[in-house]
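Each chain, written out:
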Amino acid sequence: MLKTALRHLRSVRGRRSGAPCTDAAYAAWRDDIAEALDNLAEHLEQPADRAVARAEAVAARAEAKRLRA
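Residues numbered from 1 in each chain as written. Predicted model: local features only at pLDDT ≥ 70, side-chain atom pairs only at ≥ 80, totals over all residues. Heavy atoms only, no water.

### A short note on the confidence of the model for the protein chain
We apply this condition: Confidence of the predictor in every single residue is expressed as pLDDT, which spans 0 to 100. Only DSSP runs of H or I covering at least 4 residues are called helices, and only runs of E covering at least 2 are called strands; the numbering of each starts at the N terminus.
For the protein chain, the mean per-residue pLDDT works out to 94, and 99% of the residues sit at or above 70. Averaged pLDDT values over the elements of the protein chain bottom out at 95 in helix α2 (residues 23-41) and peak at 97 in helix α3 (residues 47-68).

### Remarks on the nonpolar core
This is how it is decided: Each nonpolar core is a collection of buried residues, namely Ala, Val, Leu, Ile, Met, Phe, Trp, Tyr and Cys, held together in the definition by side-chain atoms within 4.5 Å. Relative accessibility decides the category of a residue: with a 1.4 Å probe and only protein chains considered, values under 20% of the type maximum give buried, values over 50% give exposed, and everything between is partly exposed.
Grouped together as the largest cluster of nonpolar side chains are 18 residues, with contacts concentrated most on L9, V12, W29, I33, L37 and L40. Counting residues per element, the ones that place at least two in this core are α1 (2-14), α2 and α3. Element by element, the count of residues in this core is highest for α2, at 9 residues.

### Notes on the packing of aromatic side chains
Rules: Stacked, edge-to-face and tilted labels apply to pairs of Phe, Tyr and Trp rings (six-membered ring for Trp) whose centres lie within 6.5 Å, assigned for plane angles under 30 degrees, over 60, and everything in between, in that order.
Evaluated as defined, the whole model comprises 1 aromatic pair. Where Y26 meets W29, the ring centres are 5.6 Å apart and the plane angle is 35°; that geometry is what we call tilted. Of this pair, Y26 and W29 both sit in helix α2, 3 residues apart, roughly one helical turn. Pair check on accessibility: Y26 and W29 agree, each one buried.

### Comments concerning the environment of A28
Here A28 is to be found in helix α2. A28 sits 39 residues away from L67 along the chain, and the two C-alpha atoms are 9.7 Å apart.

Structure (structure tokens):
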């Protein structure tokens, strides 16, 4: 499952638009990143690694929320 979670995160990261995009599109992408990071955290063995992944997910969601404001 770890391998699947990592592939999913890479896939989501690869969907980022290279061209300028709208704040709404970028915010949606950041939400997708957060979801992928949360999924990854569930499969990491080390507590420190899980904490980092979850912290990055929280930061991604906060950025998405800020962009939507």
